[in-house]
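A structural walkthrough
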Amino acid sequence: MTVKTYELRTFGCQMNVHDSERMAGLLEDAGYVRAPKDADAADVVVFNTCAVRENADNRLYGNLGQLAPKKASRPGMQIAVGGCLAQKDRDTIVRKAPWVDVVFGTHNVGKLPVLLERARVQEEAQVEIAESLEAFPSTLPTRRESAYAAWVSISVGCNNTCTFCIVPQLRGKEKDRRPGDILAEVEALVAEGVTEVTLLGQNVNAYGSDIGDREAFSKLLRACGKIEGLERVRFTSPHPRDFTDDVIAAMAETPNVMPQLHMPLQSGSSRVLKSMRRSYRQERFLSIIEKVRAAMPDAAVSTDIIVGFPGETEEDFQETLHVVREARFAQAFTFQYSKRPGTPAAEMDGQIPKQVVQERYERLVALQEEISWEENKKQVGRTVEVLVAEGEGRKDDSTRRLSGRAPDNRLVHFTRPEEPVRPGDMVSVEVTYAAPHHLLAEGTPGPVRRTRAGDAWEMRNAQPQEETPQGVMLGLPTVGAPAPLPADTGGCSAC
Ligand code: SF4
């Protein structure tokens with residue numbers, strides 16, 4: 001019997017990346033193998049979709065349209081669509097693209113192999129969208145992309161109602177995992193060689209509301225601190241409303257919780273925050289930053305900002321610039337507001353003309369670039385321990401330089417050490433140059449600390465690798481390695 005291949009195409013946020021790892025695990029458990037990158041088409045193509053972006057549906061139907069002739073010429077090929085857009089559009093997908101075999105939602109990821117099989121046997125499209133969560137995705141089989149870093153979901157859903165965001169409608173109310181289950185997963189990952197975990201939730205600071213413990217998140221961080229072999233703990237995303245002092249204390253007092261905070265601002269104007277239904281104000285946001293800096297002077301703080309929310313005036317925008325100057329973010333993910341169908345903000349009066357949004361956006365980016373660069377320059381001369389990454393190196397000089405993340409999540413390109421080094425190993429380097437978005441360490445690096453994560457990477461890649469005089473060539477894709485923050489998001493970094 002020939003083995004069937006699969007290909008997964010993931011759009012959107014870390015939550016989708018996390019779910020895609022589960023989809024891959026489920027398919028591999030069911031006997032599918034991942035299609036080689038250069039394959040013309042896989043036997044099963046799965047889209048894990050995002051509904052956050054404007055035109056997300058056009059993007060999906062464009063992709064589906066391209067696959068239609070391939071499917072027509074390849075008997076037995078199947079196409080499945082899951083994720084947020086599937087949850088939202090349901091039957092519409094098979095109406096618009098009748099060559100789709102399976103549509104499944106955010107709550108029933110575990111059904112994917114069964115639905116594929118049913119569609120095959122019954123020779124008709126299967127659309128199954130659950131209204132509430134059937135199983136925490138974390139309990140499903142997984143095929144992690146990284147050998148040394150992993151996402152661990154602590155909750156799904158969100159109880160907030162930000163007016164620009166469609167996530168609560170699609171992912172439902174917050175549901176927390178039990179701390180014991182989370183810690184058991186982290187321990188199992190560490191036993192497999194993982195040294196870095198990123199705790200994942202739409203609003204990690206609300207973790208515990210479902211299990212009746214308001215300090216559950218800080219306790220979870222401290223408990224992670226006791227797991228031997230776990231070197232780096234990160235989390236995303238916190239919400240300023242629920243950010244409590246016990247979390248700051250846990251971050252500062254737990255050595256393996258990294259000195260890094262990604263906290264979405266969205267707007268610096270309290271008036272706009274109110275209209276966004278973000279239940280904190282400028283003063284609260286800045287006071288959290290102040291406390292974080294007092295407890296962890298070297299912490300790198302990053303954020304998400306939306307420019308041009310309906311009704312935003314020049315004065316409101318000046319408030320955002322004010323917060324950016326005060327907070328001195330190491331990095332900001334900036335978005336031009338765009339209507340997201342189904343959200344209250346899409347119907348609001350005072351939509352801002354495109355050219356005004358663009359002009360404000362450019363001013364914000366210019367200011368943030370300046371601050372990022374200034375903050376990065378403060379790193380020059382410091383010695384940092386870099387977790388060697390795969391796939392983040394500059395393409396032009398990957399044989400001379402390696403790349404990785406410092407504890408504060410800054411990207412560092414450094415001279416390749418003489419001794420062999422693998423992704424997941426640690427190298428101490430001295431920062432010699434700062435650019436706005438990365439650091440360089442051009443001198444001779446310190447000794448390589450070979451880690452169990454590096455061993456795990458080596459075992460996973462035991463098939464023949466291209467050897468260089470210094471060791472194994474790096475450069476495999478980093479999909480799923482948690483270090484980089486949002487790419488294709490438009491609200492919180494988790495959504
Ligand atoms: S933006 Fe984040 S906090 Fe707000 S509703 Fe969406 S997921 Fe929840």
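Summary of the structure given here. Treat the numbers as computed from the prediction; the structure is a model and nothing was measured. (Residues numbered from 1 in each chain as written. Predicted model: local features only at pLDDT ≥ 70, side-chain atom pairs only at ≥ 80, totals over all residues. Heavy atoms only, no water.)

Okay, the overall build of the protein next. Within the protein one finds 14 helices and 23 strands. Taken over the C-alpha trace, the protein has a radius of gyration of 23 Å; the compact-globule value for 495 residues is 23 Å, and the two agree within 12%. A principal-axis box enclosing the C-alpha atoms of the protein has dimensions of 65 × 65 × 45 Å. The 495 residues of the protein split such that 58% are buried. Long-range contacts, defined as pairs at least 24 residues apart, comprise 75% of the intrachain contacts of the protein with a sequence gap of at least 6. Separation between the mean location of the 61 positive side-chain charges and that of the 70 negative ones in the protein comes to 2 Å. (Helix = DSSP H or I, 4+ residues; strand = E, 2+ residues; numbered from the N terminus. Rg over C-alpha atoms; globule rule 2.2 N^0.38 Å. Buried < 20%, exposed > 50% of the residue type's maximum accessible area, 1.4 Å probe, protein only. Contact = heavy atoms within 4.5 Å. Lys, Arg positive; Asp, Glu negative; His and termini not counted. Charge placed at Lys NZ, Arg CZ, Asp CG, Glu CD.)

This part covers the nonpolar core. Counting 90 residues, the largest nonpolar core has L64, L199, F217 and L221 as the members making the most contacts within it. If we skip the residues at most four places from it in the chain, L221 touches L199, V233, F235, V247, A250, M251, T254 and V257. Counting 17 residues, the second largest nonpolar core, distinct from the first, contains Y6, A24, A80 and L112. (Core = buried A, V, L, I, M, F, W, Y, C linked by side-chain atoms within 4.5 Å.)

Helix length check: helix α1 (residues 14-29) (16 residues) gives 23 Å between terminal C-alpha atoms against 22 Å at 1.5 Å per residue, within 8%. With 14 of 16 residues buried, α1 is to be regarded as a mostly interior element. Positive phi shows up at G31, right after α1, with a value of about 100°. (Expected span 1.5 Å × (residues − 1).)

Within the fold, D101 resides in the loop between α4 (91-96) and β5 (102-104). The buried category is assigned to D101, whose relative accessible area is 13%. Within polar-contact distance, the side chain of D101 engages the backbone nitrogen of I79 at 2.7 Å. (Polar contact = N/O pair within 3.5 Å; in protein donor to acceptor, adjacent residues only side chain to side chain.)

A separate point is the sheet that holds strand β21 (residues 448-449). By way of backbone hydrogen bonds, the strands of a sheet pair with one another, either parallel or antiparallel. Pairing in this open sheet of seven strands is mixed, and the strands run β19-β20-β17-β16-β15-β18-β21 from one edge to the other. Only two strands of the sheet have a single neighbouring strand rather than two, namely β19 (433-434) and β21. Strand direction decides the pairing type here: strand β15 (residues 383-388) and strand β16 (residues 401-405), joined by two bridges, are antiparallel. Across the sheet, L387 pairs through a bridge with R405, a residue of β16. (Pairing = 2+ DSSP bridges.)

Counting buried positions over the five residues of strand β7 (residues 149-153) gives five, a clear majority of the element. The two faces of β7 match: A149, W151 and S153 on one face and A150 and V152 on the other face are all buried. Bridge count for β7 against strand β10 (residues 196-200) is five bridges, and the pairing is parallel. Directly across from A149, in β10, lies its bridge partner E196.

Function-wise, these values are silent; they only describe arrangement.
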